[in-house]
Amino acid sequence: PDSETMVGRSVGRSAAVILATMAVGLAVRFARVGLPAFVVKWGGSTMWALMIYWIVSTILPRWRLWKAGLLSGAVATAVEVFKLYRSPDVDAFRHTLAGIILVGRHFSGWDILAYWVAIAVGMLLDARLRGSA
């Protein structure tokens, strides 16, 4: 690869990090295991954003990590801002399990900050994963 590209993770490693992140995020958010409320809230939000990063960096494996991180952050931010849009159909979807997982229900600027921090951590983890591939 030239200086503008990175070699991506293997398909197996990519699938593993996406599925593991999904599993942890769903477990933190929905398993009733007595976790503190802030862990449930922020753990679920950060795992969601990290999953977005893993997906973007898998789909665009030759992109520099910072570019994949910026796109992931933009997607996560856009989804959060979309929560400000209200319509009966969209709000009905937000009250389904898929809607809760994919788009959430309530806008929070703090979530945007949590997403960007999670994505930055993901980029650091990804650099290590790619370096050891």
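In short, a report on the structure. Here the structure is a predicted model, which means the values were calculated and not measured.

### Points about the packing of aromatic side chains
Next up, step 1: As enumerated under the stated definition, the model contains three aromatic pairs in all.
Next up, step 2: Arranged with centres 5.1 Å apart and planes meeting at 50°, the rings of tryptophan 48 and tyrosine 115 form a pair that is tilted. On the criterion of sequence distance, the pair formed by tryptophan 48 in helix α2 (residues 37-59) and tyrosine 115 in helix α6 (residues 109-131) is long-range, its members being 67 residues apart. Like tyrosine 115, tryptophan 48 is buried.
Next up, step 3: When the ring of phenylalanine 82 is compared with that of tyrosine 85, the centres are 5.8 Å apart and the planes differ by 20°; the resulting orientation is stacked.
Next up, step 4: When its relative accessible area of 36% is taken as the criterion, phenylalanine 82 is described as partly exposed.
Next up, step 5: Between lysine 41 and the ring centre of tryptophan 42, over which it is positioned, the NZ or CZ distance is 5.1 Å.
Next up, step 6: The ring of phenylalanine 82 is capped by arginine 94, whose NZ or CZ atom sits 5.2 Å from the centre of that ring.

### Overview of the packing of helix α3 (residues 65-82) against α6
Next up, step 1: Where α3 meets α6, the closest approach of the two axes is 9 Å, and the angle between their N-to-C directions is 155°. It follows that α3 is roughly antiparallel to α6 by the angle criterion. Like other packed secondary-structure pairs, α3 and α6 cross with a definite hand, here right-handed. Contacts from Leu65, Trp66, Gly69, Leu70, Ser72, Gly73, Ala74, Ala76, Thr77 and Glu80 in α3 reach Asp111, Ile112, Tyr115, Trp116, Ile119, Met123, Asp126, Ala127 and Arg130 in α6.

About the cut-offs
- Residues numbered from 1 in each chain as written.
- Predicted model: local features only at pLDDT ≥ 70, side-chain atom pairs only at ≥ 80, totals over all residues.
- Heavy atoms only, no water.
- Phe/Tyr/Trp six-rings, centres within 6.5 Å; stacked < 30°, edge-to-face > 60°.
- Helix = DSSP H or I, 4+ residues; strand = E, 2+ residues; numbered from the N terminus.
- Buried < 20%, exposed > 50% of the residue type's maximum accessible area, 1.4 Å probe, protein only.
- Lys NZ or Arg CZ within 6 Å of the ring centre and 35° of its normal.
- Axes fitted to C-alpha atoms, helices over the stretch in contact; angles between N-to-C directions.
- Parallel < 35°, antiparallel > 145°, perpendicular 65-115°, else oblique.
- Left-handed = near helix turned anticlockwise from the far one by under 90°.
- Contact = heavy atoms within 4.5 Å.

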